[in-house]
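Here is what each chain is made of, one letter per residue.
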Amino acid sequence: MPMVVGVVAGVAVAAVLVLIGLFKLMWRVAEPNEALIISGSKHRTEGLEEGMGFRIVTGRGTLVMPGVQAVRKLSLDLNETELHVDCVTHQGIPLKVRGVVIFKVGDDFVSIANAARRFLDQQKLMSERVHNVFAGHLRSIVGGLTVEDMIRDREKLTGQTRAACGTEMEKLGLIVDSLQIHEIEDPTGYIQNLAMPHAAAVQRDARIAQAEANRLATEAEQQSFARMAEATRDSEILQAGYQAERDKAAAKARQAGPLAEAGARQEVVVQETRVAELEAHRREQQLQADVRKPADAAAYETRTLAEADRDARISSAQAQAQETELAAAAEATRVKAAAGAEAEATKARGEAAAQATRATGEAEAAAARARGLAEAEAAKAKGLADAEAIKARAAALAENQEAVVAQQLAENWPEIVKAGASAFGNVDNMVLLNGADGMADLFAKALTMGGTGLGLARQLLASMDRNGQTPQDASALNGQVQKVPVDDR
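A quick note: this is a predicted structure, and the numbers were derived from the prediction, not measured.

Peer 1: Please clarify how the overall build of the protein chain should be interpreted in this entry.
Peer 2: Helix and strand counts for the protein chain come out as ten helices and eight strands. Out of the 489 residues in the protein chain, the part that is buried amounts to 19%. Pairs at least 24 residues apart make up 70% of the contacts formed inside the protein chain by residues separated by at least 6 positions.

In structure tokens form, the structure reads like this:
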């Protein structure tokens, strides 16, 4: 029996130990910063769909059947990812945005389930995925903002980025604890240039303030120096006044004796002057009685006589002047009357001469007009006659040229002979050889010249007819004679 009890006790102890070992092997406890994902059996978890195939345990222990269920841990710790994003603003200015995102898996079962499906075996890649999500949204948001908006209101940029990434982060089962934009780098220098006017304004205000302070300090120093100079001046003036008073008192003291002596002398001079004035007055009265009154009486008498003589001469001169004036007025009236008469006569003679000249001019103009009309009528008649003669001559020339030329030569023969004889006009003595035979030869040459002229005229008329000239042009041959030199031997 004891043996049996010992065996039973050993078996019981062994069984207890086995049960304790199995319990330890099957019992899993979730730490506060992790969630247990238990898969391998169908479970229903609040907030999750049915048949998810896994169970989530957080902050407590649970039994797991080894070999049937698998247990994996999902970290609920905070994670962070650095943002280094190259962006372009709405103005087309490239910027580099530097920031940090602090995130973690959500505490609710839905967030844990979403994170478990996506990151359970890739928890180290969680930061990279979050970085890609935020980088894409950050570029999109910065593209709609200006540099000034980003600088002045970074909270707006952060809020818009978190709001834009919220839905995607929720799908990933993640929540953002913090998003901070650390730095906005400007490789083009736009932000620096943007700050230059403000920096220049601040520097200007600082210089102005410094200059104003220097001016106030200088004014205060000048005022202090002025007050010091004023005090020095007042002191010197007081000292000079005191010195002048002392000098005046000393001078008065020194002048007291001479002034007293001068006063006494002045009294003596006054008395002597008064005595002299009385003596002069007495003498003046004596002169008035002895000299001036008799002289005044004589002067009055002389002046009265002179005035009487002057008045007499003035009266005589005035009478003579009036007489001369009357005589001049009478002479002027006479001359004026004579000049008026002469002017009237000259005017009458001029008018008569003008009328005579005008009548003469009108008569001469009428005569000249009459002569002009007569000459015009005569010229017109002569022209008509010449035209008729030319017309008749042209008709005759057309019918018998030789007869017309012969007639013209016959009519102008005396002029022709005269022109030929003019060659002998300057010959005083002419000697003809052979006597009568020489004279006969002379006349024969003259006749030959006439025949030659007739032949030339005939040839000229024929050539004119051939060239289309009018017979009127041929009339120019009248009076032309060929000059033949005469042998006076």
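Peer 1: What exactly am I supposed to notice about the pairing of strand S6 (residues 79-88) here?
Peer 2: Both faces of the sheet carry side chains from a regular strand, because those side chains alternate between them. Across ten bridges, the pairing between S6 and strand S7 (residues 94-105) is antiparallel. Bridge pairing links Asp86 to Lys96 in S7. Connecting S6 to the next strand, S7, in antiparallel fashion are five residues, including Gly92 with a positive phi near 85 degrees.

Peer 1: Looking at this model, I keep getting lost on the nonpolar core. Mind explaining?
Peer 2: Side chains of nonpolar character tend, in soluble globular proteins, to be buried together. Core analysis: the largest hydrophobic core is formed by 41 residues, its most contacted members being Phe134 and Leu174. Considering each element in turn, this core owes the most residues, eight residues, to helix H3 (residues 126-143). Filtering out sequence-adjacent residues up to four positions away, Phe134 remains in contact with Leu83, Val101, Thr161, Cys165, Met169, Val176 and Leu179. With five residues, the next largest nonpolar core counts Leu36, Ile38, Val57 and Val64 among its residues.

Peer 1: Please clarify how the sheet that holds strand S5 (residues 70-75) should be interpreted in this entry.
Peer 2: One key point about sheets: their strands pair by backbone hydrogen bonds, in either a parallel or an antiparallel sense. Read across the open sheet, the three strands follow the order S3-S2-S5; overall the sheet is antiparallel. The open sheet terminates on both sides in strands that have one partner only, identified here as strand S3 (54-58) and S5. Across the sheet, the mean angle from the axis of one strand to that of its neighbour is 25 degrees, orientation sign disregarded. Relative to S5, strand S2 (residues 34-39) runs antiparallel, the two sharing six bridges. Considered in S5, the bridge of Glu34 is made with Ser75. Seen against the sheet, helix H2 (residues 109-119) touches S2, S3 and S5 and runs at an angle of roughly 120 degrees to S3.

Peer 1: For this particular structure, what's the right way to read the UniProt feature "transmembrane region" (unreviewed entry) in the protein chain?
Peer 2: The feature "transmembrane region" (unreviewed entry), as given by UniProt, occupies residues 6-27 in the numbering adopted here. Helix makes up 95% of residues 6-27 and strand 5%, with an end-to-end C-alpha separation of 31 Å.

Peer 1: I would appreciate a short explanation of helix H5 (residues 154-171) in the present structure.
Peer 2: For an α-helix, 3.6 residues make a turn, and residues three or four places apart therefore share a direction. The end-to-end C-alpha distance of H5 is 26 Å, a good match for the 26 Å that 18 residues give at a rise of 1.5 Å each. Cys165 marks the point of greatest bend in H5, at about 40 degrees. Within H5, burial applies to Leu157, Thr158, Thr161, Cys165 and Met169. Residues of H5 that are buried in the fold lie against S7, H3, helix H4 (147-152) and strand S8 (174-185).

Peer 1: Honestly, the side chain of Thr158 in this entry has me stumped. Any pointers?
Peer 2: Within the secondary structure layout, Thr158 lies in helix H5. Under the relative-accessibility criterion, Thr158 is labelled buried at 9%. Those residues in contact with Thr158 that sit more than four places away from it in its chain are Leu179 and Ile181.

Peer 1: Got a minute to help me understand the pattern of salt bridges in this structure?
Peer 2: For side chains of opposite charge, pairing can occur when their charged atoms come near one another. Overall, the coordinates contain 13 salt bridges when judged by the stated rule. Between Glu185 and Arg98 there is a salt bridge, with the nearest N and O atoms lying 3.7 Å from each other. Highlighted residues: Glu185 in strand S8 and Arg98 in strand S7, separated in sequence by 87 residues. The class of Glu185 is partly exposed, set by a relative accessible area of 27%. For Arg98, a relative accessible area of 17% puts it in the buried group. Residues participating in the shared-partner salt-bridge network are Glu212, Arg215 and Glu219.

Peer 1: What is the right way to look at the sheet that holds S8 in this model?
Peer 2: Spatial ordering of the open sheet is given by S6-S7-S8, a layout of three strands whose pairing is antiparallel. What marks the edges here is a single partner per strand, and that holds for S6 and S8. When strand polarity is set aside, the average angle formed by the axes of neighbouring strands in this sheet is 25 degrees. Across the sheet, H3 lies against S6, S7 and S8, angled at about 30 degrees from S6, the strand it touches most. Where H5 meets the sheet, its contacts fall on S7 and S8, and the angle it forms with S8 comes to roughly 145 degrees.

Peer 1: In this structure, what is going on with a nonpolar patch on the surface? I would like to understand it.
Peer 2: Residues Val13, Val16, Leu17 and Ile20 make up a contiguous nonpolar surface patch of roughly 350 Å² in combined accessible area. By secondary structure assignment, the location of Val16 is in helix H1 (residues 2-26).

Peer 1: Honestly, the confidence of the model for the protein chain in this entry has me stumped. Any pointers?
Peer 2: Low pLDDT means the predicted atomic positions in that stretch should not be read closely. Here the protein chain averages 76 in pLDDT, while 77% of its residues score no lower than 70. Ranking the elements of the protein chain by mean pLDDT puts helix H10 (residues 471-474) last, at 43, and S7 first, at 89. Counting interchain partners and residues more than four positions distant, the pLDDT-below-50 stretch residues 468-489 has 26 contacts.

Peer 1: Whenever I open this one, the pairing of S2 confuses me. Can you help?
Peer 2: Counting buried residues along S2, six of its six residues qualify, which places the element largely inside the surrounding structure. Side chains Glu34, Leu36 and Ile38 project from S2 onto one buried face, and the interleaved Ala35, Ile37 and Ser39 project onto a second face that is buried too. Bridging between S2 and S3 involves five bridges; their strand directions are antiparallel. What sits directly across from Ile37, in S3, is Ile56.

Rules used throughout
Residues numbered from 1 in each chain as written. Predicted model: local features only at pLDDT ≥ 70, side-chain atom pairs only at ≥ 80, totals over all residues. Heavy atoms only, no water. Helix = DSSP H or I, 4+ residues; strand = E, 2+ residues; numbered from the N terminus. Buried < 20%, exposed > 50% of the residue type's maximum accessible area, 1.4 Å probe, protein only. Contact = heavy atoms within 4.5 Å. Pairing = 2+ DSSP bridges. Core = buried A, V, L, I, M, F, W, Y, C linked by side-chain atoms within 4.5 Å. Axes fitted to C-alpha atoms, helices over the stretch in contact; angles between N-to-C directions. UniProt positions renumbered as here; feature names shortened; annotations may be inferred. Expected span 1.5 Å × (residues − 1). Bend = angle between axes of the 7 residues up to and from the residue. Salt bridge = Lys/Arg side-chain N within 4 Å of Asp/Glu carboxyl O. Patch = residues over 30% accessible without salt bridge, like charges linked within 9 Å, V, L, I, M, F, W, Y side chains within 5 Å. Areas by Shrake-Rupley, 256 points an atom, 1.4 Å probe, with all protein chains shown as cover. pLDDT = per-residue confidence, 0-100.

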